[in-house]
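Architecture and fold: a report
Read off the chains here:
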Amino acid sequence: MNGVWVRATAATTAAVLLVTTGGGDASAVPGEDPADYGVIGGFGLGDPYFPHAGNGGYDVQHYDVDLTYSGRKGGEVDAAVTVNARAAQSLSAFSLDFRGPAISSVTVEGRPARHERDGQELMIIPPRMIPAGQTFTAVVRYAGRPGPMPDGPLGTYGWIPTRDGAVVLSQPDGAPTWLPVNDHPSDKATYSFRITVPKGLRAVANGRPGRVVRRGGRTTYEWAEDSPMASYLATVAIGRFRMRRGRAGRIPVITAVDPKFRGSAERVHRTTIKAVRWAEKMFGRYPFATAGAVVDDPQLDYALETQERPVYAGFVPSEEFIVHELAHQWFGNSVSVRNWRDIWLNEGFATYAEWLWRERGERGGRHRGTAEQVFRRYYRMPGDSSVFRPPPGVPGRKDMFGFSVYTRGAMCLHALRRRVGDRAFFAILREWARTHRDGSATTPEFVRLSERISGRDLDGLFRAWLYGKGKPRRW
Ligand code: TRP
Ligand code: ZN
């Protein structure tokens, strides 16, 4: 969406395959054998933690997801996913990331296309080469039962079957469990969803609600995400839900709560509205069309900041949890990471939002406390504790959601605030959200912006808080 391929090119070059003509058969008609043309988009965008995630050679603009959940045979799904993309180079073949059920067909520009699956790579060979710069449409149809990613240190994520349907939480690389996708936050795209479910069930997804069409024993729910979105933030929740609809000023707020937690629907909805109003004062204009929440039943005990509608999986969120996921709408979703190593730009910021919520006395009584007090409490912890290790700017893949990314990341922002003062600090947060809105950015860009706005040299501060071993002592 955002011209990522331009930036990705250098990192991708090594992965681009140059295909030589097979045997130099002079009689081969150009256009019949795609290999004649040369270039296949690379497998992977060169992310330091997920080298195979995403693909080079094209840039996706829009995904249209047409999915039917039959409710039969424990979660059978039938889907057609349309991918609108632009070729960054001439392409004789390109790949998408996909780990879902059996594919029944693939077309490119309406014509059947050859395809091959190898692990999570779905390689598509269109009948004709796609010239550089051209937009093209690929449609992938599949049927079967999607499921989560295989269990690893990052827990359970991807397509998750539930008691009464399914819910999707895909951070960091679970989107291919249900979507053929360019699975990297540096290639954001808009989405439309048409989710058909048996009568009695409901489907909720990202963004703005569209039509609800009842036909026969089925209901189709339309949703649209009109702002560029990273693939890990795409969600659908299918099941029974208690719905709440309201507004935070101009912004429609839509909340869906599983019947198991129905007694808390009103509170989650109200708190979300209150938090949107507060966060707009803190971080600037809310970056998307709608807000809300999904509270569903799988016992994952974590949440994900799925765009416009965070999912809380297996619990009713506290105020601070809601503030955290809401802050991600600015920090993580509207401004996305360009590579996963910079994940502290999401988690450190969302955690610091929780500290600010307390500080501003938004949460009363014994929870009152300034960010300075929270910082000091953590700073007293020993240097070898998980507050400080590993350094949040280079956490390593298995600790990318570790305590230090959240806490030392937030402490880094507090150290910045102490150094530059409140005026410059809040100007930095707002300017970060404003300049990179709908885009993706990196840690060095944040350092430069902070230096520009504060007029100070902040190299030592960020070096100490993001990259130094153990507890930062001097900065
Ligand atoms: N980003 C989520 C949050 O901070 C947490 C999260 C999502 C997560 N997926 C994860 C943590 C996978 C560990 C593993 O709310
Ligand atoms: Zn978070």
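Please read all numbers here as calculations on a predicted model, not as lab measurements. (Residues numbered from 1 in each chain as written. Chains lettered and ligands numbered in written order. Predicted model: local features only at pLDDT ≥ 70, side-chain atom pairs only at ≥ 80, totals over all residues. Heavy atoms only, no water.)

**A short note on the pairing of strand β12 (residues 165–169)**
Here β12 lies mainly inside the structure; five of its five residues are buried. Of the two faces of β12, the one carrying G165, V167 and L169 and the one carrying A166 and V168 are both buried. Across five bridges, the pairing between strand β11 (residues 158–162) and β12 is antiparallel. Bridge assignment links W159 to a residue of β12, and that residue is V168. Joining the antiparallel neighbours β11 and β12 is a turn of two residues. Pairing of β12 with strand β17 (residues 236–239) involves two bridges; the strand directions are antiparallel. Bridge pairing in β17 places A166 opposite I238. (Buried < 20%, exposed > 50% of the residue type's maximum accessible area, 1.4 Å probe, protein only. Helix = DSSP H or I, 4+ residues; strand = E, 2+ residues; numbered from the N terminus. Pairing = 2+ DSSP bridges.)

**With respect to the domain arrangement of the chain**
Along its sequence, the chain is carved into domain 1 (246–329) and domain 2 (336–467). Just the C-alpha atoms count here: the centres of domain 1 and domain 2 sit 22 Å apart. Contacts between the two partners involve 16 residues from domain 1, matched on the other side by 19 residues from domain 2. Of the roughly 1,700 Å² buried where domain 1 meets domain 2, counting both sides, 59% is carbon and sulfur surface. Contact with domain 2 buries area across many residues of domain 1, yet W278, M282 and E320 alone supply 37% of it, more than any other trio. In this structure, the connection of domain 1 to domain 2 is made through one salt bridge. (Domains from an automatic or database assignment. Contact = heavy atoms within 4.5 Å. Buried area = accessible area lost by both parts, 1.4 Å probe. Salt bridge = Lys/Arg side-chain N within 4 Å of Asp/Glu carboxyl O.)

**Overview of the layout of surface pockets**
In this structure, the largest pocket occupies an estimated 420 Å³ of space. Within the residue set of the lining of the largest pocket, elements represented by two or more residues are β21 (302–304), α3 (319–330) and α4 (344–359). A total of five residues in the lining of the largest pocket trace back to one element, the largest contributor, which is α3. Counting the residues that make up the lining of the largest pocket, at least three belong to each of domain 1 (246–329) and domain 2 (336–467). (1 Å grid on protein atoms, 1.4 Å probe; cavity = no way out; pocket = protein on both sides within 12 Å on 5 of 7 lines; lining within 4 Å. Points joined across faces, edges and corners; volume = space filled by probe spheres on them.)

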